[in-house]
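Structure assessment
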Number of protein chains: 2
Amino acid sequence: MNLADVLKKRIDDLSSIGNDPTGGMTRLLYTDSWLQAQKYVEQQAKDFDLKTHFDEVGNLFGRVEGSELPAETIMSGSHIDTVVNGGNLDGQYGVIAAMTAIEYLLAEHGQPKRSLEFISMAEEEGSRFPTVFWGSKNFVGEADVDAVKDIADSEGAKFVDEMHRQGFDFKKEQTRRDDIKAFVEIHIEQGNVLENQKLQVGVVNNIAGQRRYNINLKGEANHAGTTPMSYRHDTVYAFSKICSEAIDRANEVGDPLVLTFGKVIPKPNTVNVVPGEVDFTMDCRHTDAEFLKKFTGELEERMTEIAKSMGIEITIDRWMDEAPVPMNTAIVETIEKKADEGNYKYRVMHSGAGHDSQVIAPHYPTAMIFVPSINGISHNPAEKTEFPDLLEGVKLLADTLYELAYK
Amino acid sequence: MNLADVLKKRIDDLSSIGNDPTGGMTRLLYTDSWLQAQKYVEQQAKDFDLKTHFDEVGNLFGRVEGSELPAETIMSGSHIDTVVNGGNLDGQYGVIAAMTAIEYLLAEHGQPKRSLEFISMAEEEGSRFPTVFWGSKNFVGEADVDAVKDIADSEGAKFVDEMHRQGFDFKKEQTRRDDIKAFVEIHIEQGNVLENQKLQVGVVNNIAGQRRYNINLKGEANHAGTTPMSYRHDTVYAFSKICSEAIDRANEVGDPLVLTFGKVIPKPNTVNVVPGEVDFTMDCRHTDAEFLKKFTGELEERMTEIAKSMGIEITIDRWMDEAPVPMNTAIVETIEKKADEGNYKYRVMHSGAGHDSQVIAPHYPTAMIFVPSINGISHNPAEKTEFPDLLEGVKLLADTLYELAYK
């Protein structure tokens, strides 16, 4: 089997399903193009004799039984959905890679000792309905059915109706399988570390924890000409002190800490009025739960001090607090070993972005492989990885699955 | 004559013309309510035998000839237009005060030695059409007719058509009178200095110069999770350093310097993206032209340095550069003398806001009187001054006009 040709054709084929005339790919959960993509993957898997099935919610599985230990499953996969105007790698590359690696192993080495299986997860992005990880959470029996019962997309289509329309339904019970012995997800990095360091692959040992905040500053709107500096309660000035000090500190700490003030909305946002109010966001990530808590705790204290010193009211809403998820050490070591043996240019690294693997890791031994993203661009039509890097990623994934399923 | 009663009635009457059902007053140039207001003022002036006339563009004048030096005119006044949803003092208080002070002087002291005249200027705010100081600029022969020939309001009504509709037209030539020996404008402070210092009036010796900027920072939008701190070109961070350093400096310098970063628009303005671009404004004012130039020059240099050090492109557009306008020393001293004699609680101060007087001062000896603004609020339905303060202002204006016209 010509691995490069098969991989290339599958990426091209799947990229044509959900191609968005306004740019890139838009393949949202329970839309027609979403089902068409799952059906394409299913047919490809059937063509090389995998046993396929959909679960109740629309996760697709393709499996070959193990010869000696069929009740032990080695699994790989990712998600089939995309963001709006996304690229053609985020998610589907991990699905294609898993399926193609299994086909390659079957062709090269015949039936595995343990069962080999891929999963094409229904949803990860949260781009259509206000819910994320719908696929992986159902897979591990953690989905909150009540939370989605009444939600709808931006055009008013109800989640439940759309799910039924495509022939799917809620799982009767949130149960999970007990045969999964290892899960390996391959994904684009969505950052530019590998590219900058001229590496082919990353071995992911941790998915960073995140804390996200909405913060409001209330001061006093005043005339920019007639209000002396000493009479002001200028919220943009307060914001600028908070942001510049905090990022100065984050720069000192450095990797793996990242800190972003992505959104700033002053009011009234006019050249000649001292801004009486500012809403802003803070996004902080680190691989160590304790450090993340301590660092953001200090930032919260310091921003409260700054606001207070200017006679400004501050409201801090920490609306996301996700703990870091360490990957399974044994699997990380297996990937590293195969990377060494295969002379891949690689590094061990953490993921700053969220992935299905963070939902799966608490249940089954899990690790990830990254391939480089050109300019770190993702969630954008310009998302790209050089084909040789995509191919090397699939090879390392196959090598790893071989180690886990054939030995 | 009961000065308080007359003043109160005129404010009430005029405030009912252009009362906006959505809040406050909206009386825009060449609208029906605008003409109605000018006609009201004209009728009031006629009722105590002033000689009234409109000039070509709609400035209204009311005059009594001097007994000994009729060719020397002492003038007072302000503008009749308001902003959208403005208050009922900005502008019209200065018109009513001038007319009422003249009526009071005639009643108390008879015909003046020099001619006394008020002006109710057609427009100052620039709230309907993209032009400001249309009234005062025509009065001093400085209006740019070509600049307004093709402009229209936000609903598409053309300036020229609206002017004609109300019976007005361009001046044949931009000439100016040579009889004006003094101009005194009374206006609300629009700041909270007088209120905070528990003063009744301010004697304005300078109208601050202003420099306004649109500044653009171009860095790189990146994933907030996957982009290490050292790889970023974060424009909100750059903005925060620029703003916090600049305002720190402005705070050290203090009065009469003011510095405002009123508008900040990051792109894409999302919690989990390092902002690749920021547009922001800077508004800086001072009463000394040289200092203003030097201070903002240093800020421009420093923000360029900061951007450069972060690998960020900066574009600095200084789109407004108005020199400070000193008031006439002799008239300032006259007002101070009358304030001392009358035991007014006052201070000499500058104006941080722009006024008709800045257009008039280069042509005729000019000064201003301020009355307190409660909480410094203006351009807002909540604009207010305690009535006793409004009355004291008119009294000091009358005392000043007496000194200038009767002695």
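Residues numbered from 1 in each chain as written. Chains lettered and ligands numbered in written order. Predicted model: local features only at pLDDT ≥ 70, side-chain atom pairs only at ≥ 80, totals over all residues. Heavy atoms only, no water.

The name given to chain A in an unreviewed UniProt entry is Allantoate deiminase, with the source organism recorded as Enterococcus alishanensis.

**Some remarks on the overall build of chain A**
For chain A, the helix and strand inventory stands at 12 helices and 16 strands. Against the 2.2 N^0.38 benchmark of 22 Å for 407 residues, chain A shows a C-alpha radius of gyration of 24 Å, consistent with a compact globule. Dimensions along the principal axes, computed over C-alpha positions, put chain A at roughly 80 × 50 × 40 Å. Counting all 407 residues of chain A, 61% fall into the buried class. The contacts of chain A with a sequence gap of at least 6 include a subset with a gap of at least 24, amounting to 78%. When the accessible surface of chain A is totalled, it reaches about 15300 Å², and 47% of it is carbon and sulfur. Averaging the positions of the 42 positive and the 66 negative side-chain charges in chain A gives two centres separated by 1 Å. (Helix = DSSP H or I, 4+ residues; strand = E, 2+ residues; numbered from the N terminus. Rg over C-alpha atoms; globule rule 2.2 N^0.38 Å. Buried < 20%, exposed > 50% of the residue type's maximum accessible area, 1.4 Å probe, protein only. Contact = heavy atoms within 4.5 Å. Areas by Shrake-Rupley, 256 points an atom, 1.4 Å probe, with all protein chains shown as cover. Lys, Arg positive; Asp, Glu negative; His and termini not counted. Charge placed at Lys NZ, Arg CZ, Asp CG, Glu CD.)

**Section: the relation of the copies chain B and chain A**
Under the fitted operation, chain B is carried onto chain A by 0.1 Å of movement along the axis and a turn of 180°, and the coordinates agree to an RMSD of 0.1 Å. Read as a symmetry element, the transformation amounts to a two-fold axis. Ranked by how close their C-alpha atoms come to the rotation axis, the residues of chain B are headed by Ser240 of chain B, at 2.0 Å. The residues that chain B uses at the interface reappear at the interface of chain A in 100% of cases, marking a shared surface. (Least-squares fit on C-alpha atoms with pLDDT ≥ 70 in both.)

**Quick word on the confidence of the model for chain A**
Scored by pLDDT, chain A has a mean of 97; 100% of the residues are at 70 or more. This complex was scored by the predictor with a pTM of 0.90 and an ipTM of 0.89. (pLDDT = per-residue confidence, 0-100.)

**A closer look at unusual backbone geometry**
At the junction of Asp255 of chain B and Pro256 of chain B, the peptide bond is cis and its omega measures out at 0° in the coordinates. If you trace the backbone, Pro256 of chain B turns up in the loop between helix H8 (235–253) and strand E9 (258–260). Cis geometry marks the peptide bond from Lys267 of chain B to Pro268 of chain B; its omega dihedral reads 0°. Relative to the helices and strands, Pro268 of chain B resides in the loop between strand E10 (264–267) and strand E11 (273–274). The backbone phi angle of Tyr30 of chain A is positive, close to 65°, even though this residue is not glycine.

**Focus: the interface of chain B and chain A**
Contacts between the two partners involve 55 residues from chain B, matched on the other side by 55 residues from chain A. A combined buried area of about 4500 Å² lies between chain B and chain A, and 55% of that area is made up of carbon and sulfur atoms. In this assembly, chain B and chain A are joined by two salt bridges. With its nearest N and O atoms 2.8 Å apart, the salt bridge here joins Lys241 of chain A to Asp248 of chain B. (Buried area = accessible area lost by both parts, 1.4 Å probe. Salt bridge = Lys/Arg side-chain N within 4 Å of Asp/Glu carboxyl O.)

**Section: the nonpolar core**
Trp134 and Phe159 of chain A are the most contacted members of the largest nonpolar core, which has 82 residues in total. When near neighbours in sequence (up to four residues on either side) are disregarded, Trp134 of chain A contacts Leu29, Tyr30, Val57, Glu123, Ala143, Val148, Phe159, Met163 and Phe170 of chain A. With 80 residues, the next largest nonpolar core counts Leu7, Tyr30, Trp34 and Ile80 of chain B among its residues. (Core = buried A, V, L, I, M, F, W, Y, C linked by side-chain atoms within 4.5 Å.)

**Notes on the packing of aromatic side chains**
This structure, assessed with the given rule, holds 30 aromatic pairs over all chains. The interplanar angle of 85° and the centroid separation of 5.8 Å between the aromatic rings of Trp34 of chain B and Phe168 of chain B together place this pair among those described as edge-to-face. Taken together, the residues Trp34 of chain B in helix H2 (residues 32–47) and Phe168 of chain B in the loop between helix H6 (159–165) and strand E5 (180–188) connect sequence positions 134 residues apart. Across this residue pair, the class does not change: Trp34 of chain B and Phe168 of chain B are buried. Through pairs of rings, three or more aromatic residues link up here, namely Tyr30, Trp34, Phe54, Phe129, Trp134, Phe159, Phe168 and Phe170 of chain A. (Phe/Tyr/Trp six-rings, centres within 6.5 Å; stacked < 30°, edge-to-face > 60°.)

**So, the packing of helix H10 (residues 329–341) of chain A against helix H12 (residues 387–406) of chain A**
Residue and element names in this part refer to chain A. The geometry of H10 relative to H12 is characterised by a closest axis approach of 9 Å and an angle of 120° between their N-to-C directions. In terms of orientation, H10 lies oblique with respect to H12. In this structure, the crossing between H10 and H12 has a hand that is right-handed. Two secondary-structure elements touch here, H10 through Thr334, Ile335, Lys337, Lys338 and Ala339 and H12 through Leu396, Asp399, Thr400, Glu403 and Leu404. Across the contact of H10 with H12, the residue classes tally to four nonpolar, two polar and four charged. (Axes fitted to C-alpha atoms, helices over the stretch in contact; angles between N-to-C directions. Parallel < 35°, antiparallel > 145°, perpendicular 65-115°, else oblique. Left-handed = near helix turned anticlockwise from the far one by under 90°. Nonpolar A, V, L, I, M, F, W, Y, C, P; charged D, E, K, R; others polar.)

**Thoughts on H2 of chain B**
Residues and elements named next belong to chain B. Look at H2: 22 Å from first C-alpha to last across 16 residues, which is about the 22 Å you get at 1.5 Å a residue. All buried positions along H2 are accounted for by Ser33, Trp34, Leu35, Ala37, Gln38, Tyr40, Val41, Glu42, Gln44 and Ala45. Among the residues trailing H2, Asp49 stands out with phi positive, at a value near 70°. (Expected span 1.5 Å × (residues − 1).)

**Concerning the domain arrangement of chain A**
Residues and elements named next belong to chain A. Along its sequence, chain A is organised into domain 1 (3–208 + 324–405) and domain 2 (210–322). Computed over C-alpha atoms only, the centres of domain 1 and domain 2 are separated by 37 Å. Each partner contributes residues to the interface: domain 1 has eight residues there, and domain 2 has eight residues. Roughly 640 Å² of surface becomes buried between domain 1 and domain 2 when both sides are summed, with 54% attributable to carbon and sulfur atoms. When the buried area of domain 1 at its contact with domain 2 is split by residue, Ala208, Pro324 and His350 rank highest and sum to 65% of it. (Domains from an automatic or database assignment.)

**Some thoughts on H12 of chain A**
Taking 1.5 Å of rise per residue, 20 residues should cover 28 Å, and H12 of chain A covers 27 Å from first to last C-alpha, within 8% of that figure. Of all 20 residues in H12 of chain A, 15 are buried, a share of seventy percent or more.

**Examining the environment of Gly311 of chain B**
Looking at where Gly311 of chain B falls in the secondary structure, it is placed in the loop between helix H9 (289–309) and strand E13 (313–322). Spatially, the C-alpha atom of Gly311 of chain B lies 9.9 Å from that of Ala238 of chain B, the residues being 73 residues apart in sequence.

**Looking at the pattern of salt bridges**
Inspection of every chain in the model, using the stated rule, returns 66 salt bridges over all chains. The partner of Asp179 of chain A in a salt bridge is Arg63 of chain A, with the nearest N and O atoms 3.6 Å apart. Placement of Asp179 of chain A in the loop between helix H6 (159–165) and strand E5 (180–188) and of Arg63 of chain A in strand E2 (residues 60–64) is noted, with a sequence separation of 116 residues between them. Its relative accessible area of 15% is what places Arg63 of chain A among the buried residues. Its salt-bridge partner being Glu392 of chain B, residue Lys395 of chain B comes within 3.6 Å of it at the nearest N-O pair. With Lys395 of chain B and Glu392 of chain B both in helix H12 (residues 387–406) and three residues apart, the pair spans about one turn of that helix. The class for Lys395 of chain B is partly exposed, based on a relative accessible area of 32%. Its relative accessible area of 18% is what places Glu392 of chain B among the buried residues. Via salt bridges that share partners, Lys51, Arg63, Glu65, Glu117, Arg177 and Asp179 of chain A belong to a single interconnected network.

**Some details on the environment of His355 of chain A**
Residues and elements named next belong to chain A. Along the chain, His355 turns up in the loop between strand E15 (346–351) and helix H11 (356–360). For His355, a relative accessible area of 0% puts it in the buried group. Excluding residues within four positions of it along the chain, His355 makes contact with Glu124, Phe133, Glu185, His187, Gln190, Ile207, Met368 and Phe370.

**Regarding the environment of Ser373 of chain A**
Residue and element names in this part refer to chain A. Note on placement: Ser373 falls in the loop between strand E16 (366–371) and H12. Overall, Ser373 belongs to the buried group, its relative accessible area being 1%. Contact partners of Ser373, with chain neighbours within four places excluded, come to Ile188, Glu189, Gln190, Gly191, Glu195, Lys384 and Thr385.

**Here's the deal with the packing of helix H1 (residues 3–15) of chain A against helix H3 (residues 92–109) of chain A**
Between two packed helices, the angle of one axis relative to the other and the distance separating the axes together describe the packing. Residues and elements named next belong to chain A. The interhelical angle for the contact between H1 and H3, taken along N-to-C directions, is 145°, at an axis separation of 10 Å. In the crossing of H1 with H3, the sense of the turn from one axis to the other is right-handed. Contacts from Leu3, Val6, Leu7, Arg10, Ile11, Leu14 and Ser15 in H1 reach Gln92, Tyr93, Ile96, Met99, Thr100, Glu103 and Tyr104 in H3. Per-class residue counts for the contact of H1 with H3 are nine nonpolar, three polar and two charged.

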